[in-house]
Number of protein chains: 2
Amino acid sequence: MESSLKPMDAEQLRENAHKMVDFIADYYKSLEEFPVLSQVKPGYLSELLPVSAPMQPESLQDILKDVQQQIIPGVTHWQSPNFFAYYPSNSSIAGFLGEMLSASFNIVGFSWITSPAATELEVVVLDWVAKMLKLPDQFHSSGLGGGVIQGTASEAILVSLLAARDKILRKDGNEYLSKLTVYASDQTHSALKKACQIAGIYPANFRILKAEQNSSYALAPEALAEAISTDLSSGFIPFFLCATVGTTSSAAVDPLSALGKIAKANNLWFHIDAAYAGNACICPEYRYYIDGVEEADSFGMNAHKWLLTNFDCSLLWVKNRSALIQSLSTNPEFLKNKASQENRVIDFKDWQIPLGRRFRSLKLWMVMRMYGQENLQNYIRNHISLAKKFEQHVLSDSRFEVVAPQAFSLVCFRLIPPPNHHENSDTLNYSLMNSTNSSGKIFLSHTVLSGMFVLRLAVGAPLTEERHINEAWKVLQDQATTLLGSF
Amino acid sequence: MESSLKPMDAEQLRENAHKMVDFIADYYKSLEEFPVLSQVKPGYLSELLPVSAPMQPESLQDILKDVQQQIIPGVTHWQSPNFFAYYPSNSSIAGFLGEMLSASFNIVGFSWITSPAATELEVVVLDWVAKMLKLPDQFHSSGLGGGVIQGTASEAILVSLLAARDKILRKDGNEYLSKLTVYASDQTHSALKKACQIAGIYPANFRILKAEQNSSYALAPEALAEAISTDLSSGFIPFFLCATVGTTSSAAVDPLSALGKIAKANNLWFHIDAAYAGNACICPEYRYYIDGVEEADSFGMNAHKWLLTNFDCSLLWVKNRSALIQSLSTNPEFLKNKASQENRVIDFKDWQIPLGRRFRSLKLWMVMRMYGQENLQNYIRNHISLAKKFEQHVLSDSRFEVVAPQAFSLVCFRLIPPPNHHENSDTLNYSLMNSTNSSGKIFLSHTVLSGMFVLRLAVGAPLTEERHINEAWKVLQDQATTLLGSF
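Residues numbered from 1 in each chain as written. Chains lettered and ligands numbered in written order. Predicted model: local features only at pLDDT ≥ 70, side-chain atom pairs only at ≥ 80, totals over all residues. Heavy atoms only, no water.

An unreviewed UniProt entry annotates chain A as Tyrosine decarboxylase 1 originating from Platanthera zijinensis. What UniProt states about chain A under its Cofactor (unreviewed entry) heading is, verbatim, "pyridoxal 5'-phosphate". Looking at chain A in UniProt, the text filed under Function (unreviewed entry) is "Catalyzes the decarboxylation of L-tyrosine to tyramine, which is converted to norbelladine, a precursor to all Amaryllidaceae alkaloids such as galanthamine, lycorine and haemanthamine, and including haemanthamine- and crinamine-type alkaloids, promising anticancer agents." (UniProt positions renumbered as here; feature names shortened; annotations may be inferred.)

This is the structure in structure tokens:
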């Protein structure tokens, strides 16, 4: 019995993929016409779709019609020039082409042998970016460390935490897990809390240190030193510090050098999460933000956020790869092969949570080559300059205030309730955010800083130009006028 | 300062992506000309590439030339019709088009609001596949359970283990971690061991039960019952059982019903790893292999292995989604939104390790629609029939033997050393594998069963036809003749 289905016929692939290219290019042409934030209601799609998969094939034409009519209304358009929420998730032509190529090889690169090019290109390209960031030599593949592509910063933090945990448990025994303490500021990404949950760190042993407004929401070294000292005298084992360059709420930067020295003096693993703002450090004028990285054991930066490389592409560098490998390796018979057994190669399966992995270095390599370092630097500079323009807008309207120092491409601001306004500041800004996002014209998100509800506008979509910033500001002004007028 | 770079211009995207389509279609046309297993030496690529990223842009043409000359020689061609190693990793036109579409939206779907279509399509399509597999109603989204796309089976196992672990630790306290015991056969995928390492399960508490040759390498229920009973009487807390449908070595199937009843009677979480063979269970005639799934708490099947959906697309269904969510949720301020706060939607970030996630349901949806259930069933049937043909070849040549019962699309076999041959069976078959793989004509891998080095031939690449099976057998026969002749 031969199947009549030809699921990978080269000429059918060519014909259909050309159609898909045109569909996608047309999507990008009409991108600004869609509401940025999807306006559908929960459950909208199950009402539109059949309850079972079809028994017989359907045409690509019918499927693309459904993408247009059923899927796209439910998409929140992260690539829209009017997307200002969270932090950006960059696509680009080069990144997209890299995804295409990777999907066509469709390899599962757990070990070197399963596609040597996947492992080796990753090593080379991570060295390239390490150079662009001027990371210390120990993070390069030539020494004891090296870089690896993780899916997300969550995984980068988790594998670093596990490497640190297991260094101690291997030495002291598993029962010391209850003594291990972790340190970070209250501005640290929730990924650290989740990593602690996964790794079995006792919830009570996660020391969340308050980052004060007067230090611009950066972690104070004194607070860290004191917490460690208290824990040591109570018999705990301080083992992990996570500092952030560009926090999620306000893009605050922790003082790496001072924190790192305390970590080192106390034998803590020092991880730096620079998921968003690390990207800016490829520009010489912003490189000082990661001064102190030489104290770190691991450093993470998401090229998928702000370096034109499609999601997912989270870069992690470690100084000592054997710590990762000792924590995460398994070596079952069915994966054994000569190159691995002779220790002549890297098997990235031992640097990450999953076994399988996609050929993600292709897209990063294509981004580096199709754009070049100078363009990438200018790309970042342009967004930071646009954020400064937006901050100027906010400062020019006395109804608003800038809440935290403008940093990188993020502006944190709020509408100030007029005297005798019936709503407090939080409710007012919540309303402003909702009415703005419901307009579909722009999408921005919020945070809470010092107990205050604050709007965040993060510039970073590849298509965003000055006109979009000006228009976004006008939308916010108009919404504010309506809101305050209704008072 | 406006950047001159246009990283996402729709017309440049169109032009370049069309070129990439032709490059990829041409790759598939010439796929059989390349050695299946890459023949490069460790370090080959770093010698070819520059040590730094270019400062200035390079052309797509130059990059594609380098893909051809530098990258492709280092690719092991998983999509080649002559790829028979490990288990397959399926690409298809529909899966590829789905990846293109997903990469073009490039959303980060952690919460419903970040693209409702991504979450809702995933719910619908996982229900579709649940129906195709005739999974009990509790695994459907209409009840307390539901399905989710993980990256890999490793992650599916890990999140199930964490949900099970935390159900107990929440109740009893973290200090009971030391008492938790896990059960699986020695044929279970190494992903379980790794999941235990990550979750902090004490290494000594991982009970690896021997699956005997006389039970075709399936886990004996008696062995499980005895191990649990011994642990209970020693004060341990048995909490997790992983059974396998289609083990990595020999595609053995554990007796789910009997094991599940023991698990249930002892309050263990029962996970079924059907990563590869679960795909076959969409055919009514193979569905009995997962009889007993009604006893399970979680069930995993990798559509990226054998259901024409590009990697990664690992499907996990759970009966009780709240166990997952309680273990894996975090709810930071910056992600709060109305739909989530009102519990009207699913936020898949709380069902997985990472925060961010790609729009992976698109490719699975496109596969279901472009092929339809009947074609998918026939696709599986064809591979199983090809594997049977290969087994017939092996049985027809008295120099060889079939080592384990042919199951699904896998054949385990070996060359028998002739009397007085100077090499033992393991060395001989190791040589046969290496010489065969070095020929570049086919790629197959090995395992060890009952201490014996065994060759595995797994049919499952989308382009594999009967002629490839016949040719593969001829290659093996010729290599064997050469090897035995040199004796």
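Caption draft 1: Broad picture of the interface of chain A and chain B. In this complex, chain A contributes 159 residues to the contact, which on the side of chain B involves 159 residues. Summed over both sides, the interface of chain A with chain B buries roughly 14,500 Å², with 65% coming from carbon and sulfur. Contact with chain B buries area across many residues of chain A, yet Met8(A), Phe334(A) and Arg369(A) alone supply 6% of it, more than any other trio. Where chain A packs against chain B, one counts ten salt bridges. Close ionic contact of Lys29(B) with Glu11(A) constitutes a salt bridge, the shortest N to O distance being 3.0 Å. The tally of links between chain A and chain B comes to 79 residue pairs in polar contact (both at pLDDT 80 or more). Of the residues belonging to the side of chain A that touches chain B, the class tally is 83 nonpolar, 43 polar and 33 charged. (Contact = heavy atoms within 4.5 Å. Buried area = accessible area lost by both parts, 1.4 Å probe. Salt bridge = Lys/Arg side-chain N within 4 Å of Asp/Glu carboxyl O. Polar contact = N/O pair within 3.5 Å; in protein donor to acceptor, adjacent residues only side chain to side chain. Nonpolar A, V, L, I, M, F, W, Y, C, P; charged D, E, K, R; others polar.)

Caption draft 2: Here's a closer look at the UniProt feature "modified residue: N6-(pyridoxal phosphate)lysine" (unreviewed entry) in chain A. Residue and element names in this part refer to chain A. In this numbering, the UniProt entry assigns the feature "modified residue: N6-(pyridoxal phosphate)lysine" (unreviewed entry) to Lys-305. Within the secondary structure, Lys-305 is located in helix H9 (residues 303–306). The residues touching Lys-305, leaving out its near neighbours within four places in the chain, are Tyr-87, Pro-88, Ser-89, Asn-90, Ala-275, Tyr-276 and Asn-279. (Helix = DSSP H or I, 4+ residues; strand = E, 2+ residues; numbered from the N terminus.)

Caption draft 3: Highlighting the pairing of strand S11 (residues 452–458) of chain B. Residues and elements named next belong to chain B. Of all the seven residues making up S11, six are buried; the element is thus mostly covered by neighbouring parts of the structure. Where strand S9 (residues 410–415) lies against S11, four bridges are found, and the strand directions are antiparallel. Note that in S11 the partner of Cys-412 across the bridge is Arg-456. By the bridge criterion, five bridges tie strand S10 (residues 445–449) to S11 in an arrangement that is antiparallel. (Buried < 20%, exposed > 50% of the residue type's maximum accessible area, 1.4 Å probe, protein only. Pairing = 2+ DSSP bridges.)

Caption draft 4: Summary view of the environment of Val123(B). Residue and element names in this part refer to chain B. Take Val-123: it is sitting in helix H4 (residues 116–132). Classification of Val-123 by relative accessible area gives buried; the value is 18%. Val-123 sits 23 residues away from Gly-146 along the chain, and the two C-alpha atoms are 7.4 Å apart. When residues no more than four places from it in sequence are discounted, the contact partners of Val-123 are Ser-141, Ile-346 and Phe-348.

Caption draft 5: Structural detail: the relation of the copies chain A and chain B. When chain A is fitted to chain B, the best match, at an RMSD of 0.0 Å, comes from turning it 180° and sliding it 0.0 Å along the axis. What the rotation and shift describe, once combined, is the action of a two-fold rotation axis. Ranked by how close their C-alpha atoms come to the rotation axis, the residues of chain A are headed by Ala199(A), at 2.6 Å. When the interface residues of chain A are mapped onto chain B, 100% of them again fall at the interface, so both copies present the same face. (Least-squares fit on C-alpha atoms with pLDDT ≥ 70 in both.)

Caption draft 6: Region of the structure containing the packing of helix H3 (residues 93–105) of chain A against helix H3 (residues 93–105) of chain B. At their nearest, the axes of H3(A) and H3(B) sit 10 Å apart, and the two run at 155° to each other. As far as their axial angle goes, H3(B) and H3(A) are roughly antiparallel. Note that H3(A) runs across H3(B); the crossing there is right-handed. Facing H3(A), whose interface residues are Phe96(A), Glu99(A), Met100(A), Ala103(A) and Ser104(A), H3(B) presents Phe96(B), Glu99(B), Met100(B), Ala103(B) and Ser104(B). Partitioning the contact of H3(A) with H3(B) into residue classes produces six nonpolar, two polar and two charged. (Axes fitted to C-alpha atoms, helices over the stretch in contact; angles between N-to-C directions. Parallel < 35°, antiparallel > 145°, perpendicular 65-115°, else oblique. Left-handed = near helix turned anticlockwise from the far one by under 90°.)

Caption draft 7: Region of interest: the sheet that holds strand S2 (residues 180–185) of chain B. All names here are of chain B. Strand order in the open sheet formed by seven strands is S1-S7-S6-S5-S4-S2-S3, with mixed pairing between adjacent strands. Edge strands, defined here as strands with exactly one partner in the open sheet, are strand S1 (146–150) and strand S3 (206–209). Averaged over neighbouring strand pairs, the angle between their axes works out to 20° when direction is ignored. Against the sheet, helix H7 (residues 221–233) engages S2, S3 and strand S4 (237–244), with an angle of about 165° to S2.

Caption draft 8: Layout of the sheet that holds strand S10 (residues 445–449) of chain A. Residue and element names in this part refer to chain A. The four strands are arranged S8-S9-S11-S10 in an open sheet whose pairing can be described as antiparallel. Strand pairing shows two members of the sheet lacking a second neighbour, strand S8 (400–402) and S10, which therefore form its edges. Each adjacent strand pair in this sheet contributes to an overall mean axis angle of 40°, direction not counted. The strands touched by helix H12 (residues 361–396) are S8, strand S9 (410–415) and strand S11 (452–458); relative to S9, the strand with the most contacts, the crossing angle is about 15°.

Caption draft 9: Highlighting the pairing of strand S6 (residues 298–302) of chain A. Residue and element names in this part refer to chain A. Of all the five residues making up S6, five are buried; the element is thus mostly covered by neighbouring parts of the structure. The alternating pattern of S6 places Ser-298, Gly-300 and Asn-302 on one face and Phe-299 and Met-301 on the opposite face, and all of these are buried. Both strand S5 (residues 269–273) and S6 contribute to a ladder of three bridges, which runs parallel. By the bridge assignment for S6, Asp-273 is matched with Gly-300. Taken together, the five bridges between S6 and strand S7 (residues 314–318) define a ladder with antiparallel strand orientation. Residue pairing in the sheet places Phe-299 in a bridge with Trp-317 of S7.

Caption draft 10: View of the layout of surface pockets. Residue and element names in this part refer to chain A. The calculated volume of the largest pocket comes to roughly 830 Å³. Every residue lining the largest pocket is counted, 33 residues in all, and those nearest its centre are Arg-321, Arg-344, Val-345, Ile-346 and Asp-347. Per-element accounting of the lining of the largest pocket gives the leading share, seven residues, to helix H4 (residues 116–132). (1 Å grid on protein atoms, 1.4 Å probe; cavity = no way out; pocket = protein on both sides within 12 Å on 5 of 7 lines; lining within 4 Å. Points joined across faces, edges and corners; volume = space filled by probe spheres on them.)

Caption draft 11: Representation of helix H13 (residues 425–439) of chain A within the structure. Residue and element names in this part refer to chain A. For H13, built from 15 residues, the straight-helix expectation of 21 Å at 1.5 Å per residue is met to within 8% by its first-to-last C-alpha distance of 21 Å. Listed as buried for H13 are Ser-425, Leu-428, Asn-429, Ser-431, Leu-432, Met-433, Thr-436 and Asn-437. If you follow the buried residues of H13, they end up packed against S8, S9, S10, S11 and helix H14 (466–485). Here H13 starts with a cap whose side-chain oxygen sits 3.1 Å from the backbone nitrogen of Asp-426, and that cap is Asn-424. A positive backbone phi angle near 80° is found at Gly-440, which sits one or two residues after H13. (Expected span 1.5 Å × (residues − 1).)

Caption draft 12: Expanded view of the side chain of Ser160(B). All names here are of chain B. Relative to the elements of secondary structure, Ser-160 occurs in helix H5 (residues 153–172). In terms of polar contacts, Ser-160 uses its side chain to reach the side chain of Ser-298, at 3.4 Å. Contact partners of Ser-160, with chain neighbours within four places excluded, come to Phe-240, Trp-269, His-271, Ser-298 and Leu-316.

Caption draft 13: Representation of helix H6 (residues 190–199) of chain A within the structure. All names here are of chain A. Counting buried residues in H6 gives eight out of ten residues, a clear majority hidden from the surface. Restricting attention to buried positions, one finds in H6 the residues Ser-190, Ala-191, Leu-192, Lys-194, Ala-195, Cys-196, Ile-198 and Ala-199. Looking one or two places after H6, you find Gly-200, whose phi comes out positive at around 80°.

Caption draft 14: Structural context of the packing of aromatic side chains. This model, assessed by the stated rule, comprises 46 aromatic pairs over all chains. Seen in terms of ring centroids, Tyr27(A) and Phe34(A) are 6.0 Å apart; in terms of plane orientation they differ by 25°. Their pairing is stacked. Owing to a relative accessible area of 18%, Phe34(A) belongs among the buried residues under this scheme. Three or more aromatic residues joined by ring pairs form one cluster here, namely Tyr87(A), Tyr276(A), Tyr288(A), Tyr289(A), Trp306(A) and Phe408(A). Cation over ring: Arg207(B) sits above Phe236(B), and NZ or CZ is 5.0 Å from the ring centre. Between Arg456(B) and the ring centre of Tyr87(B), over which it is positioned, the NZ or CZ distance is 4.8 Å. (Phe/Tyr/Trp six-rings, centres within 6.5 Å; stacked < 30°, edge-to-face > 60°. Lys NZ or Arg CZ within 6 Å of the ring centre and 35° of its normal.)

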